[in-house]
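# Observations on chain architecture
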Amino acid sequence: MADTAPTARPRSPLAHAAGRLAAATRSFGGAVRLAEVPFLAQVNVRLDAKSPAADAVGLALGLPLPLEPDTVVRAGEFTVVWLGPDEWLVVGQPGAQQELEGRIRAAAGDEHVSVTDVSAQRTTLLVTGPRARDLLAHGCALDLHPSTFGPGRCAQTTLARAHIILVARDETRAGFWILVRSSFAGYLTEWLLDAAVEYG
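Below is a summary of the structure that appears in this document. (Residues numbered from 1 in each chain as written. Predicted model: local features only at pLDDT ≥ 70, side-chain atom pairs only at ≥ 80, totals over all residues. Heavy atoms only, no water.)

## Some thoughts on the nonpolar core
Condition: The set of buried Ala, Val, Leu, Ile, Met, Phe, Trp, Tyr and Cys residues whose side-chain atoms join them within 4.5 Å is what this entry labels a nonpolar core. Only protein chains enter the calculation, and the probe is 1.4 Å; a residue is then buried if its accessible area is under 20% of its type maximum, exposed if over 50%, and partly exposed in between. Helical segments are the DSSP runs of H or I of at least four residues, strand segments are the runs of E of at least two, and each set is numbered from the N terminus. Only heavy atoms enter the contact rule, under which two residues are in contact if any of them lie within 4.5 Å.
Within the largest apolar cluster, 33 residues are counted, with the highest numbers of intra-cluster contacts made by Leu34, Leu135, Leu159, Ile178, Leu188 and Leu192. Within the residue set of this core, elements represented by two or more residues are α1 (18-27), β7 (122-128), α4 (132-137), β8 (154-159), β9 (162-168), β10 (176-181) and α5 (182-195). Sort the elements by how many residues they give to this core and α5 lands first, with six residues. Excluding anything up to four places from it in sequence, Leu192 contacts Leu34, Leu125, Leu135, Leu136, Leu159 and Ile178. Membership of the second largest hydrophobic core comes to 19 residues, among which are Val45, Val57, Val90 and Val113.

## Side note on the sheet that holds strand β3 (residues 72-75)
As a reminder of what qualifies: For two strands to pair, DSSP has to find at least two bridges joining them. Here an axis means a line fitted to C-alpha atoms, over the contact stretch when the element is a helix, while the angle between two N-to-C directions is reported on a 0 to 180 degree scale.
Taking strand neighbours across the sheet as the criterion, the five strands line up as β3-β4-β5-β2-β6 in an open arrangement whose pairing is antiparallel. Strands with a single pairing partner mark the edges of an open sheet, and in this sheet they are β3 and β6 (114-117). The average undirected angle you get between the axes of adjacent strands in this sheet is 20°. Relative to strand β5 (residues 87-92), strand β2 (residues 41-46) is paired through six bridges, and the arrangement is antiparallel. Within β5, the residue paired with Arg46 across the bridge is Glu87.

## Details of unusual backbone geometry
Excluding glycine, residues mostly carry a negative phi; peptide bonds, for their part, are mostly trans. In the Ramachandran plot, Asp70 falls in the positive-phi region, its phi being about 60° despite a non-glycine side chain. Judged by its relative accessible area of 31%, Asp70 falls in the partly exposed class. At Arg161, a position not held by glycine, the phi torsion is positive, near 70°. With respect to the secondary-structure elements, Arg161 resides in the loop between β8 and β9.

Structure (structure tokens):
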């Protein structure tokens with residue numbers, strides 16, 4: 001029987017743009033940094049936030065599921081993004097999706113839970129630097145001032161008319177994650193590069 005296992009290395013949606021992103025970042029003189037963070041594990045979880053499963057999943061991940069709307073919790077290798085009253089996106093290291101999915105299912109036990117690997121659905125753009133907020137404000141209607149959208153905040157919104165999940169990261173000078181569907185990643189990258197020209 002023929003071996004049908006894929007042999008090609010996976011290719012990220014923005015592999016073709018890596019050189020341009022790096023060159024643009026150099027030309028911005030530190031004002032803005034743009035890069036793809038490819039292949040992050042992304043698992044969508046839906047369950048009753050008041051159920052024992054919510055606590056059990058939190059313990060299995062080593063962090064509580066965020067219950068406040070539009071917030072993010074991060075600990076160790078996992079980041080959990082609030083998407084709705086009963087929905088979260090758990091983000092982990094590349095290649096961790098199967099282990100992550102199994103850990104969540106095992107923790108939930110017999111409780112009703114939906115766990116879906118959506119890693120291939122989106123890629124992640126990293127936008128950092130002192131002018132990162134200014135750049136995003138060109139195409140996003142949210143108030144991105146640190147007092148309202150500071151570290152640990154997230155939103156499902158649009159950037160340049162592309163639907164995204166925007167995450168304000170909590171590490172020092174960590175900037176923002178833009179989680180965007182793979183089919184829109186090229187378009188959004190072109191928009192970011194064009195909008196950031198003024199910083200070059």
